[in-house]
Amino acid sequence: MVFSNNLLMGAGGQASGYEIEQSCRFNVDDDATLTRTFGTPTNRRIYTLSAWVKTCDTNGGSILEHNTTGGVTWANITIGNRVDFFDYSSGSARIDLRTTALFHDHSAWYHLVVGVDTTQSTDTNRVKIYVNGVQVTSFGTSTYPSQNFDGLLNSGVAHLIGDGTNGRLDGYLAENHFIDGQQLTPASFGETNEEGVWIPKEYTDGSYGNNGYYLAFQDSSALGDDTSGEGNDWTASNLAAADQMSDTPTSNSSIFNPLASCAVSGQTLTISDGNLRTSAGGTSNAIEAVTQIAPTSGKYYAEFTLNASPQLSNQYPAIGIIGIDLNITGGNNLGDSSFFGYLPNGEKKKGGTTSSYGNTFTNGDVIGIAMDLDNQKIWFSKNGTYQDSGDPAAGSDAAFTDLVAGTQYRFCISHAGSTATDVTGNFGASAFSTAAPTGFKALNTSNLSSPTISDPSKYFQPTLYSGTGSELEVDQAGNSTFQPDFVWLKNMTNAGNEHDLYDAVRGATKAIFSSSTNAESTQAQGLKSFDSDGFTVGTRGEVNTSGSTNVAWQWLANGSGSSNTDGSINTTATSANATAGFSIIEWTGTGANGTIGHGLGVQPKFYVAKNTATTNSWMVGSTLFENTKFLILNATDAADTAAAVWNSAYPTSSVINLGSNVGSNGASGTGNMICYAFAEVEGFSKFGSYTGNGNANGPFVYTGFTPSTIILKRIDAVNDWTIKDTTRNTFNSVSHALIPDATNTEYTATWVYVDMLSNGFKVRSTDNSQNTNGGTYIYMAFAEHPFGGDGIAPATGGFMTE
C-alpha cells in the first residue's frame, strides 16, 4: 500500500511535479535494519548508489554495508558528521574517503550519490561522491581503489542498510536506488529547478542490473520491497508499519531540532524516534525541545503523547508554543511572554502567568494543539476533546487570543523534574489520532506560506573573482543575475586594503569605505560601471590587484532613484526596492532633527548612514537595540548612547528619524549624506539577536531560509564586525571571516566556525566576536534559498556549492 495523504502534504512541492510520498524511519535505539544477500553482480567494479537522507544526529549511519567477518573485512557507505566510504580487509584500507565537508543539518534532506567505476585509469574517477548534486572534491582522507579493484560492496554476500560497522543509521531514508553496472551522476536522479534548488526527479536512465534495487518504502507492511522490477527485496528487522512516514524530500515535515533544543547543567535532553520523541529530567531546571519549522502565518495542528507520568509538583512537561526570538540557551524560558502552554494540572500558562483552563493530563494522554497564526489564537485538546468548549474550526473559545502577529512560533515541550518526562510529537508525518480541525494543516515545509522571493539570487548575491590588474568585467555566478545598485568589495589577499562600497545613487567610481572614516573619494579605476549581470572594475589595487582573490556582495535597489518627499527633509534620491526590503537614500545634511523617506513601505530594522563629505564615522541604527543607541560600522565599539544620532526614535513605515549628529545628519552646508536601509522580508532576509553561551555547541539562530551571507556584531562589548558567506566557504563548517571595520585579509580559523543550515545558522565556536557566554549579538542574514513554502521546493540540508 502506498502511504499518501495529500491533505497533510499540502499542495506545494516541486517544479518538476515529481513527488516522493513516503520515507522509512530508522530509529537507532530499535536497531532498525534491512538485509539482503546479493547475487552475482552485473559488474562488481561498476555501480551507483543514490539516496535521500535526513539525519537525526552526527554519528555515522550506514546507507549500504558489507560485513562478513566481524569487522575484519568490511565495507560501507555512511553519512553522519561526514560522508565516508570504506573498504577494509584485515586492517588495510583499499578505499578510505572521508569528506572535509560536515553534514550537521538535521532539519532537511541531503541527496547522496556515490558512483564507482574502478576500471577508470585516473584514480579520482574511480569513486565519485556527490551531495545535493555537487561533486565533493575535498577529503580529509583520500585513499582511492586500485584500477580494476573488486570491492566488497556489490559482491555476492549479505548486505545491510541501517546497521554498520561505523554506526547505525539514525534518520530517514527515501528514494533509495542502487544501479549495478553503471557509474551515474546525480543528473540521473535529480535536477536544479528554476529557483536554483536541487530536487528529486524520476530515475529513467536504464536498467538496474542484477543486484540493483529501488526502495520507495511504498508498503508499510513490507518496507524492504524492491520496486525496480528486479525483485531484489530486503528483509526488515525492527521496522514497523509506523516507521513509514510522509516526511520526504518533497514535503519536509517538522521534527524536534536537536541544534536548537539544548540542555542545562546536570540535565540531558534526549531526542529520539526520528527526532519526534523528547525526554529529560534530573533537576528543577527546565529544558526545552522545539521544532525546526517556525511559521509566521497559517493554521497548524500537532499532537503530543505522554510516554511517562508528568511531574505534578512543578507541572512539567509544559506543552505549547514559544516565539522564535527567544534564544533557547538553557534554564527556565517559560517565563517569557512568547510562551503559551497547557500544564498537567489543567492550567494554561502565558509567560509567568497561569490560570485555570481544562482537565489534567497524564501518561498515555494525547494533547492536541491547534495554532492559528492568522488570527493569533491557540487551542488545546485532550484525547480529541478541546478544552474549555474550544472550537478551532469555528474560531471560538480559544485558550489564548493574544499571540503576537508576525511572530515566528515553534511548538515547544518543556521538561523538568526529579525523574524524566517523556513526550512524542506528531506533526503530520504519520496519521493523527484525531483528525486535524477543518482548515488546519500539518506542519511541513509544503504547508508554509509562499515566500515573496523564491529565488534570492535575483536580489542579492556574493560573487568571487580573481584580480587581473587590468580592467575586468565581473559576472555574477548565482542562479539568476541582475544589475546591482549597491556593491561592497573586498580584496581578501592583500593586507591593508579597505572595504570599498559603491552605489548607483552616488554613481560608479564614487567610493566610501566601511573600514574608514574617510569622506567619499573618486576612484576612476575602482568600480567603473554597474552592469546587467555584475559590474566592471578598473586597475585599482583595492579591488583588482593581479593574482588577488576578491569578494563582492551585491544588492538590487531601484537604479539611481528619485527624490522622496515623505520626510521633513526631501531626499536628493531614494532608490527603494520594497520587494527585497532594501533602500539607498541620499540627502543633504541639515545638522538638525528631521526625517527622510526610505520608500520601503514597512519599518526598516537595520540602517547605516555615512557623511560622505567629511571625515566621520559610520552611524548604525537598528530596532534590535534601544533607539537612543548606535553602533559604528568602522569601529569595534559596543553600542553607545547618543540621542542626537537617531533622535531617540525608531523608523516608521515611511521615514527614518535623524538627529543633529554630524555622522547621521551632517551639518548645514557639509554636503551629502548616504543611508542604506534594510527591512525584513520573510524567506529572504532576517535581522535579529542572540545571546552567547560560551560553548562550542553554540546558539542556533532560526532564519527560515538557508543563509547566503551573515553579518555579526557583539553590541555589549568591544568586538569586531564579522561577515561570513557560502561563496567563500563552499561547505560546512564556515571558517572564513572578513572584518568590515578593518583592512585585514580573510581569516580562516576554527575559532570563527559557523554552520550554515537549511533554516538558519549554528554558532560553533567560543570566540568573543560571536559567542561569549552572556554576550549580546545582532546579525543580518540574507538568503540563498527559502526553507520552503506552498509551491516552493524545500531547501536541501546544509549547503554544497563546491
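Let us look at the structure shown here. Residue indices begin from 1 for each chain and proceed along its sequence in written order. pLDDT decides what is reported in this predicted model: residues at 70 or higher carry local features, side-chain atom pairs at 80 or more are listed and counted, and totals for whole chains, interfaces and linings draw on all residues regardless. Excluding hydrogens and water, the side-chain figures rest on all heavy atoms present in the structure.

**Things to note about the pattern of salt bridges**
Pairs may arise between side chains of opposite charge once their charged atoms sit close together.
Right, so step 1: The salt bridge criterion pairs a side-chain nitrogen of Lys or Arg with a carboxyl oxygen of Asp or Glu, the two atoms within 4 Å. In this structure the tally under the stated criterion is 23 salt bridges.
Right, so step 2: Taking the shortest distance from any N to any O, the salt bridge between lysine 54 and aspartate 247 comes out at 2.7 Å. In this pair, lysine 54 is assigned in strand 3 (residues 46-55) and aspartate 247 in the loop between strand 18 (244-245) and strand 19 (270-272), connecting sequence segments 193 residues apart. One exposure class covers both lysine 54 and aspartate 247, and it is buried.
Right, so step 3: In this structure, a network of salt bridges that share partners links the residues Asp31, Asp163 and Arg168. Going along the chain from the N terminus, every DSSP run of H or I of four or more residues is numbered as a helix, and every run of E of two or more is numbered as a strand. Residue exposure (1.4 Å probe, protein chains only): buried if accessible area is under 20% of the type maximum, exposed if over 50%, otherwise partly exposed.

**Description of the packing of aromatic side chains**
Right, so step 1: Ring geometry is summarised as follows: Phe, Tyr and Trp rings, the Trp one being its six-membered ring, pair when their centres sit within 6.5 Å, and such pairs are stacked at plane angles under 30 degrees, edge-to-face over 60 and tilted between the two. Scanning all chains against the criterion turns up 48 aromatic pairs.
Right, so step 2: A centroid spacing of 5.3 Å and a plane angle of 90° characterise the contact between phenylalanine 103 and tyrosine 110, whose relative ring orientation is edge-to-face. Residue phenylalanine 103 shares its accessibility class with tyrosine 110, and that shared class is buried.
Right, so step 3: Note on phenylalanine 304 and phenylalanine 427: the rings are 5.7 Å apart at their centroids and 75° apart in plane angle, and the pair reads as edge-to-face. Linking phenylalanine 304 in strand 22 (residues 299-306) with phenylalanine 427 in the loop between strand 31 (421-426) and strand 32 (460-466), this pair joins segments that are 123 residues apart in sequence. By the burial criterion, phenylalanine 304 is buried, and phenylalanine 427 matches it.

**Considerations on the pairing of strand 28 (residues 377-382)**
Right, so step 1: Counting buried positions over the 6 residues of strand 28 gives 5, a clear majority of the element.
Right, so step 2: Note: strand 27 (residues 366-372) against strand 28, 6 bridges, orientation antiparallel. Bridge pairing links alanine 370 to tryptophan 379 in strand 28.
Right, so step 3: Strands are labelled as partners when DSSP assigns at least two bridges between them. In sequence, strand 27 turns back onto strand 28 through a hairpin of 4 residues, with glutamine 376 there showing a positive phi of about 60°.
Right, so step 4: Here strand 28 pairs with strand 29 (residues 385-386) via 2 bridges, running antiparallel. Counted as the bridge partner of serine 381 is tyrosine 386 from strand 29.
Right, so step 5: Remark: 2 residues form the turn of the hairpin made by strand 28 and strand 29, two consecutive strands paired antiparallel; asparagine 383 in that turn has positive phi of roughly 50°.

**A few points about the sheet that holds strand 2 (residues 33-37)**
The pairing of strands in a sheet comes from backbone hydrogen bonds and takes either a parallel or an antiparallel form.
Right, so step 1: If you walk across this open sheet you meet the 8 strands as 11-7-6-5-4-12-2-17, and the pairing is antiparallel. Because the sheet does not close on itself, it has two edges, and the strands there are strand 11 (139-143) and strand 17 (235-237). Within the sheet, the average angular offset between the axes of one strand and its neighbour, ignoring direction, is 15°.
Right, so step 2: When strand 2 meets strand 17, the two strands line up antiparallel, connected through 3 bridges. Following the sheet pairing, threonine 35 is matched in strand 17 by threonine 235. Fitted lines through C-alpha atoms give the axes, limited to the stretch in contact for helices. The angle between two N-to-C directions lies from 0 to 180 degrees.

**Some points on the sheet that holds strand 28**
Right, so step 1: A sheet is described by the order of its strands in space; here 7 strands give the open sequence 19-20-31-22-27-28-29, paired in antiparallel fashion. Whereas interior strands pair on both sides, the edge strands pair on one side only; in this sheet they are strand 19 and strand 29.
Right, so step 2: By the bridge criterion, 3 bridges tie strand 19 to strand 20 (residues 277-280) in an arrangement that is antiparallel. Residue pairing for strand 20: serine 272 is matched across the bridge by arginine 277.

**With respect to the nonpolar core**
Right, so step 1: Put simply, a nonpolar core is a bunch of buried Ala, Val, Leu, Ile, Met, Phe, Trp, Tyr and Cys residues held in one set by side-chain atoms that sit within 4.5 Å of each other. Core analysis: the biggest nonpolar cluster contains 72 residues, and Phe304, Leu403 and Phe411 have the highest contact counts within it.
Right, so step 2: With 5 residues, the top contributor of residues to this core is strand 30 (residues 409-417).
Right, so step 3: Those residues in contact with leucine 403 that sit more than four places away from it in its chain are Ile321, Phe340, Met371, Leu373, Gln376, Lys377, Ile378 and Tyr409.
Right, so step 4: Counting 44 residues, the second-largest nonpolar core is a separate cluster that includes Leu34, Ala101, Leu239 and Phe731. By definition, residues are in contact when any of their heavy atoms lie within 4.5 Å.

**Overview of the side chain of lysine 348**
Right, so step 1: Along the chain, the position of lysine 348 falls in strand 25 (residues 348-350).
Right, so step 2: Here alanine 399 takes part through its backbone oxygen, which lies 2.8 Å from a polar atom of the side chain of lysine 348.
Right, so step 3: Setting aside anything within four residues of it in sequence, one finds lysine 348 in contact with Gly341, Thr353, Thr354, Ser355, Ser356, Tyr357, Ala399 and Phe400. Pairing of N or O atoms within 3.5 Å defines a polar contact, subject to two protein rules: one partner must be a possible hydrogen donor and the other a possible acceptor, and residues neighboring in sequence count only if both atoms are side-chain atoms.

**Some remarks on the environment of proline 392**
Right, so step 1: With respect to the secondary-structure elements, proline 392 resides in the loop between strand 29 and strand 30.
Right, so step 2: With a relative accessible area of 5%, proline 392 lands in the buried category.
Right, so step 3: Note: C-alpha distance between proline 392 and glycine 439 (47 residues apart in sequence) is 8.8 Å.
Right, so step 4: Sequence-distant contacts of proline 392, that is, excluding residues within four places in its chain, are made with Ala370, Trp379, Tyr386, Pro437 and Phe440.

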